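Here are the chains, one letter per residue:
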Amino acid sequence: MFRLMKTIFLVERKNLKFRSIIFILILFIVGSFVYLDNSQFRELKPGTAAEVVALNSALDQFRNVDATDSDVASPLYRNLISQSSNLANRTLGLLMDDQDTYIKGATELTKVRDEVYTMDGFEDVAQFIPTYRQNQLDGALFTEIQNQEEKLLVHNSNFPTYIILFLFALGYGWYLLVGIFSSDILLDETNHKSLVNGYPLSIASKLFAKLLSYFLFVFICLVLTFTIAITSAAVIYNMDLSYPVALFNGDYLAIPVWQYICIAFLYLLCLSLVAIAVSILLNHCFKNLYIIIFVHFFFFFIVYLLPVLGKWMSFLPFNYFNFQTVADGSVSEMTGNTAITLTNGFLTMLLSLLVIFLFIYWQFHRSQTKYNRLKDDQGGIL
Amino acid sequence: MIGYVRWELKVFFSNRKNIILFILLLLAGLYYALYLAPDYQPIESVNKNEIEARYEDRQEFLDTVEVREDSHPMTVFSYQVFPEWNEYDSTRLDALAAGDLRTYAEATSNWYAYSDEILFSSGRDFFLRYTTGYYTYGNNFSHSDGHYAYLSSAVRYGKYADASYDLSIQIFEERTALQTLQRLLASSLPYILLIVCLFLSNDIVMKDRQHLSIVKGFPLTPFKRLMLKGLVALLGSLTSLVVLVPAFLVIGFREGFGTLSLPVVRYHFEFLNLGTYESMSMGLFLVQSLAMILLWFTIIISLVLLMSIILKNEFINLTIGIILFIEATYYQRGAIIDDWLSYLPTSYVQIGNIVSGYRQYILAIDSVTMIKGQLVLLAAALLIILLIWFVSRIKRLAI
């Protein structure tokens, strides 16, 4: 089997497809640096200013009354007023360059805001306030910053923010990239049937060799991308592997950057295997490259088109094809199913890999035996 | 030659991938027209209750207020600006009640102009706000969004006031088919069309490699053959516009079609983003957008042709799609932007926003203009075609 893998490597070595993937990934890394340089992605100053304006607009919905008097002021109004005073602490902290005030204001704010989501009339002001998920993520992040006495990142030109952006974009596109890249994985076999069937190997080892060589290539790509991105970020900004990053895994927690990178790496690795396996499956069903690509797209977007599916069935692999939205909890928020977490993502992907492989093996084994029987019937001539 | 084009067209339209793409596009269009378009809720809507509530509040204030020397400055300010504001609002209310949309349009135009004068120029933006819809959580540019919306609405309603066509609430809220098209051109439609074009033309050269001997038999030079292929791909990509016609008709029959003389606001940047807002007709807007779409189609198709003859790999052709998203890395709102970036063809992907000048407003630069965009795109297309001509003369590389 390893000789077959070597053959596949020798044949595919000059395939421009492989080089184009690396080219895309390098372009992506360069683009992410340029983007971070220009955009206001996670910049605290404009973000906080906009939050103040939004909250003031929410307060505009009410008449000015005495917020301490519970007869005239509704709980929602009183909550918004106390949010606004905590928000003022954040603004003050930024203005005076005083981290403690900012972080204290931020943690208090998330606590106060936490109560607003169940109050009467919340729908009227919902658009001016972050969603429950965003608030929880903020809360986890600022609490962790406070506990570890980390520095507050006011601007976005630093290592942790770059890593968040990098994994955001990579996590979004990785399934599609691997899916499209591997979408012709078995088309050669269909196009040159007699040649391939002549290999003195069982169908399982042939498939396995193909899968493994593709996976090896994707693995190398992933390692390369992570290494290049992280090293250049470490050179451009200062390496800071212990800064907390907030994510969702059933509940909201903050983990150090290095753990986040590791989780993302493992997740994307699993996702690559799933993408290749789905490609093999699709190659078995359709013989047209573009149909396979379109079906990949469909699988990727199915959770956005039909959130109901995710709501009732959290074990469907489609829910987990987008690392970013699983990790920040937005799939879970959109489908209303809190079981869609990273841990369940790993489990689901491993299980679906098992199912897909069993199915593939069964299907290809059947076609092989059918082929052999046909060959026997016709005296070995086919 | 005609025979070759006809044959290529036949192959193009019987290609299974292309048929599926057309069907997907048709379904997506119908889904949009039937489910998403009716849900569209403009921030600047015609809302009688909102006007009434505001009017009564202010009238009550004016009726009861007593301005003395030691009154709060804001009270004095309100006392000064509310009478004129309320006059416009009461005209709007009366016109709505009487169904006189022309008077409504005129009063609304004045109202928007006057409101912006107070909200923007008075420098009291900490207390005063545009319609609350702009101030959603996470919008870092809400005030500037509101400013643009108010001034462009003023221009738009001013045009409605002396329009010769029939007015309707749908036209005011930009719900008619033509206005929906215009809104889409300013958002996602260009991307969709260009990606569909890429997928449609992706294999136009590569499919021949399976039947080289047949292809070589045509009495045409490789360059001519490539150009004819490009022409076929261009026609085929234009068909994707035709495929969207049913969706257009659905919206049209529901909300009205609108006319080609409807106003579209065009912005011209001036120093500090205090540019001028003027109106162009819908027809002109659509023609100019179509010109840019055609130029983009030409660029994408010629890139496909060039890559196909140099690199001969269908996967690499798909990477052309990247050029649509390069712009997002350097054209960011709030960043300081160099002028030379406007000489890159990738800067002109957001077709509707380029034609209407909204891009200039967002980025606060005057370098991305429509004329420049068309010239840059044209130059890029010609350059690529010239490259194809050179490359196709090398025998080893031609198909």
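Residues numbered from 1 in each chain as written. Chains lettered and ligands numbered in written order. Predicted model: local features only at pLDDT ≥ 70, side-chain atom pairs only at ≥ 80, totals over all residues. Heavy atoms only, no water.

S.K.: Can you tell me about the UniProt feature "transmembrane region" (unreviewed entry) in chain B, naming the residues and giving the values?
M.R.: Residues and elements named next belong to chain B. Cross-referencing UniProt, the feature "transmembrane region" (unreviewed entry) maps to residues 20-37, 184-205, 226-253, 282-306, 315-332 and 373-391 in the present numbering. Secondary structure content for residues 226-253 is 96% helix and 0% strand, while the C-alpha to C-alpha distance between its ends is 42 Å. Along residues 315-332, the helical share is 44% and the strand share 0%, with 30 Å between the first and last C-alpha atoms. (UniProt positions renumbered as here; feature names shortened; annotations may be inferred. Helix = DSSP H or I, 4+ residues; strand = E, 2+ residues; numbered from the N terminus.)

S.K.: Requested: an account of the pattern of salt bridges, with residues and values cited.
M.R.: Residue and element names in this part refer to chain A. This model, assessed by the stated rule, comprises 19 salt bridges over all chains. For R113, the salt bridge goes to E51, with nearest N and O atoms at 2.8 Å. One end of the pair, R113, is in helix α5 (residues 99-114); the other, E51, is in helix α3 (residues 44-60), and 62 residues separate them in sequence. A relative accessible area of 2% means that R113 is categorised as buried. (Salt bridge = Lys/Arg side-chain N within 4 Å of Asp/Glu carboxyl O. Buried < 20%, exposed > 50% of the residue type's maximum accessible area, 1.4 Å probe, protein only.)

S.K.: Which residues make up the packing of helix α2 (residues 16-36) of chain B against helix α9 (residues 189-201) of chain B, and what values do they have?
M.R.: Between two packed helices, both the angle of their axes relative to each other and the distance between the axes serve to describe the pair. Residue and element names in this part refer to chain B. It is at 10 Å that the axes of α2 and α9 come closest, and there the two elements cross at 165 degrees. The angle between α2 and α9 places the two elements in the roughly antiparallel class. The element α2 and its partner α9 pack so that their crossing is right-handed. For the pair α2 and α9, contact is made by K17, N18, L21, F22 and L25 and by I192, V196, F199 and L200, respectively. Class assignment of the residues belonging to the contact of α2 with α9 gives a composition of seven nonpolar, one polar and one charged. (Axes fitted to C-alpha atoms, helices over the stretch in contact; angles between N-to-C directions. Parallel < 35°, antiparallel > 145°, perpendicular 65-115°, else oblique. Left-handed = near helix turned anticlockwise from the far one by under 90°. Contact = heavy atoms within 4.5 Å. Nonpolar A, V, L, I, M, F, W, Y, C, P; charged D, E, K, R; others polar.)

S.K.: Residues and numbers for the state of the cysteines, please.
M.R.: For the structure shown, the criterion picks out zero disulfides over all chains. The thiol of C270 of chain A is not disulfide-bonded; the next cysteine sulfur, from C262 of chain A, is found 14 Å away. (Disulfide = S-S within 2.5 Å.)

S.K.: Describe the layout of surface pockets, and please don't skip the residues or the numbers.
M.R.: In this structure, the second largest pocket occupies an estimated 1800 Å³ of space. Around the second largest pocket, the lining is made up of 42 residues, and of these D60, Q61 and F62 of chain A together with D57 and R58 of chain B lie nearest the centre. Broken down by secondary-structure element, the contributors of at least two residues to the lining of the second largest pocket are α3 and α4 (75-95) of chain A together with α3 (48-64), α4 (73-98) and α5 (101-121) of chain B. For the lining of the second largest pocket, the class distribution of residues is 21 nonpolar, 13 polar and eight charged. (1 Å grid on protein atoms, 1.4 Å probe; cavity = no way out; pocket = protein on both sides within 12 Å on 5 of 7 lines; lining within 4 Å. Points joined across faces, edges and corners; volume = space filled by probe spheres on them.)

S.K.: I'd like a rundown of the UniProt feature "transmembrane region" (unreviewed entry) in chain A, residues and numbers included.
M.R.: Residues and elements named next belong to chain A. The feature "transmembrane region" (unreviewed entry), as given by UniProt, occupies residues 20-36, 162-187, 207-237, 257-282, 289-309 and 346-364 in the numbering adopted here. The annotated region residues 207-237 carries 97% helix and 0% strand content, and the separation between its end C-alpha atoms amounts to 44 Å. The straight-line gap between the two end C-alpha atoms of residues 289-309 is 27 Å; of that span, 95% is helix and 0% is strand.

S.K.: Requested: an account of empty space enclosed by the protein, with residues and values cited.
M.R.: Residues and elements named next belong to chain B. What the rule picks out here adds up to four cavities of 30 Å³ or more. For the largest cavity, the calculated volume is near 90 Å³. In terms of lining, the largest cavity is formed by I43, E44, S45, N47, E50, I51, R54, R92, W111, Y112 and T131. Taken together, the elements giving at least two residues each to the lining of the largest cavity come down to α3 and α5. By residue number, the principal contributor to the lining of the largest cavity is α3, which donates three residues. Here the residues of the lining of the largest cavity are counted per class, giving four nonpolar, three polar and four charged. As a volume, the second largest cavity reaches approximately 70 Å³. Every element with two or more residues in the lining of the second largest cavity is listed here: α8 (177-185) and α12 (245-255). Split by residue class, the lining of the second largest cavity holds five nonpolar, one polar and four charged.

S.K.: Just give me the short version of the nonpolar core, but keep the residues and values in it.
M.R.: Within the largest apolar cluster, 131 residues are counted, with the highest numbers of intra-cluster contacts made by Y160, F172 and W296 of chain B. When residues in this core are grouped by element, the largest group, 16 residues, is from helix α13 (residues 282-310) of chain B. Once you skip the residues sitting within four places of it in the chain, Y160 of chain B turns out to touch R102, A105, Y165, L167, I171, F172, Q179, L262 and P263 of chain B. Counting 92 residues, the second largest nonpolar core, distinct from the first, contains F41, L207, Y237 and F318 of chain A. (Core = buried A, V, L, I, M, F, W, Y, C linked by side-chain atoms within 4.5 Å.)

S.K.: Outline the interface of chain A and chain B, listing residues and values.
M.R.: Listed by partner, the interface residues are 40 residues for chain A and 35 residues for chain B. The junction of chain A with chain B conceals about 3100 Å² of combined surface from both sides, 65% of it contributed by carbon and sulfur atoms. If you sort the residues of chain A by the area they bury against chain B, N38, Y290 and F294 of chain A come out on top, with a joint share of 21%. One can count one salt bridge joining chain A with chain B. (Buried area = accessible area lost by both parts, 1.4 Å probe.)

S.K.: Hey, could you go over the domain arrangement of chain A for me, with residue numbers and the actual values?
M.R.: Residues and elements named next belong to chain A. Splitting chain A by domain gives domain 1 (2-40 + 165-351) and domain 2 (44-148). Centre-to-centre, using C-alpha coordinates, domain 1 lies 38 Å away from domain 2. Listed as interface residues are 15 residues of domain 1 and, on the opposing side, 11 residues of domain 2. Between domain 1 and domain 2, roughly 1000 Å² of surface is buried when both sides are summed, and carbon and sulfur atoms account for 67% of that area. For the domain 1 face of the interface with domain 2, the top three residues by lost area are P244, Y252 and E333, together amounting to 49%. Viewed at the interface, domain 2 and domain 1 are joined by two salt bridges. For E333, the salt bridge goes to R133, with nearest N and O atoms at 3.0 Å. Our count for the contact surface shared by domain 1 and domain 2 stands at three residue pairs in polar contact (both at pLDDT 80 or more). Where the side of domain 1 that touches domain 2 is concerned, the elements lending two or more residues are β1 (244-249), β2 (251-256) and α16 (330-335). Among the elements that line the side of domain 1 that touches domain 2, the one with the most residues is β1, at five residues. (Domains from an automatic or database assignment. Polar contact = N/O pair within 3.5 Å; in protein donor to acceptor, adjacent residues only side chain to side chain.)

S.K.: Provide a residue-level description of the packing of aromatic side chains, including the pertinent values.
M.R.: Per the counting criterion, the structure on display carries 65 aromatic pairs over all chains. Chaining the aromatic ring pairs together yields one cluster made of Y175, F297, F298, F299, F300, F301, Y304, F318 and F321 of chain A. Looking at R183 of chain B, its charged tip hangs above the ring of Y40 of chain B, at a distance of 3.4 Å from the centre. One cation-aromatic arrangement involves K372 of chain B over Y343 of chain B; the distance from NZ or CZ to the ring centre is 4.2 Å. (Phe/Tyr/Trp six-rings, centres within 6.5 Å; stacked < 30°, edge-to-face > 60°. Lys NZ or Arg CZ within 6 Å of the ring centre and 35° of its normal.)

S.K.: Explain the pairing of β2 of chain A to me, and be specific about the residues and the numbers.
M.R.: The two faces of the sheet receive side chains in turn, since in a regular strand these alternate between them. All names here are of chain A. Across six bridges, β1 lies against β2 in antiparallel orientation. The partner of A246 across the bridge, within β2, is A254. Counted between consecutive antiparallel strands, the loop separating β1 from β2 contains one residue, among which G250 sits at a positive phi close to 85 degrees. (Pairing = 2+ DSSP bridges.)

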